[in-house]
Amino acid sequence: MTRTMPEHIRTILFNRVPEVTLAFWVIKILSTTTGETFADYLNVDVGLGLAVTSWIMTGLLVIALIAQFLTKRYTSGIYWTVVVLISIVGTLVTDTLTDVLGVPLWISTVLFAAVLALTFGIWFLREGTLSIHTIFTRRREAFYWVAILITFALGTAAGDLISEGLGLGYLFGTILFAALIGAIAMARFAFGANVVFCFWAAYILTRPLGASIGDLLSQAPADGGLGVGATATSVVFLVIIVGVAAYLGIKVRRQRQAAIDEFEPEMVLARS
């Protein structure tokens, strides 16, 4: 008789998204920063313009998503490529609403918050959970990526609203959003707040945090930044992302081998 696979082994072998660790949050914040600076680099520095940049990045995102959905389980390089591209596209969506259509940032923030709440509501009604530890099917993953895209657009709008719309500056935005994430971490680990709620709240806030960090580093001193530049900031952070993602890929392969060794009856299925 075949044993029932323990939940932790099933998660290691078949979950389509990575384990939430410190490395996960490091890449997430860096990818949001890269999304902010790289979008500015293509739009302004290279001179492609907002429309052309949006079309190019959206096309690349579609290709990356197709590759992601064709995989059988979490693959580090493909997954984090999607995250970086979706961070750029999310930024461009908000920039298009603001710069092209003239939608005020506070309206964009409220709009994206409402759309995200609706997405979570439909996801929960269809699947019964919002946990990222149970992304075993492509339908759940589809909900996951839609939510991720909206969080990037929402985070961009909220970050720009605080730093630029209200004129509070990039440094203030960085400190504010870092403090809010710290408060969520305290609520989770000190007071036992719901893990799913804390994850998504922190995930949303890492976007404006990353955007504030990106603008703080890349913008000219006259605009409230440190003047590092969009190119240098993007390159440095991309190198770090690639390094950490490679480390996670090696770690996941070792975890899967250990899980297979622990549950040998499912070895053929896990390797299929």
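Residues numbered from 1 in each chain as written. Predicted model: local features only at pLDDT ≥ 70, side-chain atom pairs only at ≥ 80, totals over all residues. Heavy atoms only, no water.

K.L.:
Help me understand the overall build of the protein chain in this model?
P.N.:
Per the secondary structure count, the protein chain includes ten helices and zero strands. Along the protein chain, helices and strands appear, N-terminal first, in the series α-α-α-α-α-α-α-α-α-α. For the protein chain, with 272 residues in total, the buried portion stands at 48%. Considering only intrachain contacts with a sequence separation of at least 6, the fraction spanning at least 24 residues in the protein chain is 75%. Summing over all exposed atoms, the protein chain offers an accessible surface of approximately 13,000 Å²; the carbon and sulfur share of this is 72%. (Helix = DSSP H or I, 4+ residues; strand = E, 2+ residues; numbered from the N terminus. Buried < 20%, exposed > 50% of the residue type's maximum accessible area, 1.4 Å probe, protein only. Contact = heavy atoms within 4.5 Å. Areas by Shrake-Rupley, 256 points an atom, 1.4 Å probe, with all protein chains shown as cover.)

K.L.:
Just to check I follow, could you spell out helix H4 (residues 76-100) for this structure?
P.N.:
Note: α-helices contain 3.6 residues per turn, so residues at a spacing of three or four share the same orientation. Here H4 contains 25 residues, and its C-alpha end-to-end distance of 35 Å stays within 8% of the 36 Å for a straight helix at 1.5 Å per residue. The first or second residue beyond H4 is glycine 102, which carries a positive phi of 70°. (Expected span 1.5 Å × (residues − 1).)

K.L.:
Whenever I open this one, the packing of helix H3 (residues 49-70) against helix H6 (residues 138-165) confuses me. Can you help?
P.N.:
Two quantities define a packed helix pair, namely the angle between the helix axes and the distance between the axes. Direction vectors running N to C along H3 and H6 enclose 150°, while the axes themselves pass 11 Å from each other. It follows from the interaxial angle that H3 and H6 lie roughly antiparallel. In terms of crossing hand, the pair formed by H3 and H6 is right-handed. Contact with H3, carried on its side by Leu65, Gln68, Phe69 and Leu70, involves Arg138, Glu141, Ala142 and Trp145 of H6 and no other residues of that element. Each residue belonging to the contact of H3 with H6 can be placed in one class, and the counts come to five nonpolar, one polar and two charged. (Axes fitted to C-alpha atoms, helices over the stretch in contact; angles between N-to-C directions. Parallel < 35°, antiparallel > 145°, perpendicular 65-115°, else oblique. Left-handed = near helix turned anticlockwise from the far one by under 90°. Nonpolar A, V, L, I, M, F, W, Y, C, P; charged D, E, K, R; others polar.)

K.L.:
I tried to follow the side chain of threonine 21 on my own but got confused; where do I start?
P.N.:
Its place among the elements puts threonine 21 in the loop between helix H1 (7-14) and helix H2 (22-45). By relative accessible area, which is 17% here, threonine 21 ends up buried. Discounting chain neighbours no more than four positions away, the residues touching threonine 21 are Leu248 and Lys251.

K.L.:
Where do I start with the pattern of salt bridges in this structure?
P.N.:
For side chains of opposite charge, pairing can occur when their charged atoms come near one another. Under the definition given, this model contains two salt bridges. Put simply, arginine 139 and glutamate 127 hold a salt bridge, and the shortest N to O gap is 2.6 Å. Placement of the pair is arginine 139 in helix H6 and glutamate 127 in helix H5 (residues 105-127), with a sequence separation of twelve residues. Taking the relative accessible area as the measure of exposure, glutamate 127 reaches 15% and is therefore buried. Between glutamate 127 and arginine 140 there is a salt bridge, and its shortest N-O distance comes to 2.8 Å. Residue glutamate 127 is located in helix H5, and its partner arginine 140 is located in helix H6; the two are separated by 13 residues in the primary sequence. For the pair shown, glutamate 127 and arginine 140 are each scored as buried. (Salt bridge = Lys/Arg side-chain N within 4 Å of Asp/Glu carboxyl O.)

K.L.:
For this particular structure, what's the right way to read helix H8 (residues 195-218)?
P.N.:
Its 24 residues place the ends of H8 34 Å apart at the C-alpha level, agreeing with the 34 Å of an ideal helix rising 1.5 Å per residue. Of all 24 residues making up H8, 19 are buried, and the element is well covered by its neighbours. One side-chain oxygen at the N-terminal end of H8 lies 3.0 Å from the backbone nitrogen of valine 196; it belongs to asparagine 194. (Polar contact = N/O pair within 3.5 Å; in protein donor to acceptor, adjacent residues only side chain to side chain.)

K.L.:
Quick question: what am I supposed to make of the packing of H3 against H4 here?
P.N.:
Orientation of H3 relative to H4, taken along the N-to-C sense of each, is 150°, at an axis distance of 9 Å. Classified by the interaxial angle, the pair formed by H3 and H4 is roughly antiparallel. Along this stretch, H3 crosses H4, giving a crossing that reads as left-handed. For the contact of H3 with H4, a count of residues per class yields 16 nonpolar, six polar and two charged.

K.L.:
What am I meant to see in the nonpolar core here?
P.N.:
Across soluble globular proteins, nonpolar side chains have a tendency to be buried as a group. Ranked by internal contacts, the top residues of the largest apolar core, which has 51 residues, are Tyr79, Trp80, Trp123, Tyr144, Trp145, Ile148 and Trp200. Counting residues per element, the ones that place at least two in this core are H2, H3, H4, H5, H6, H8 and helix H9 (230-262). Among the elements that line this core, the one with the most residues is H4, at eleven residues. Not counting residues up to four positions away in its chain, the partners in contact with tryptophan 123 are Gly128, Thr129, Leu130, Ile135, Arg140, Phe143, Tyr144, Ala147 and Trp200. Grouped together as the second largest cluster of nonpolar side chains are nine residues, Phe177, Ile181, Ile184 and Leu209 included. (Core = buried A, V, L, I, M, F, W, Y, C linked by side-chain atoms within 4.5 Å.)

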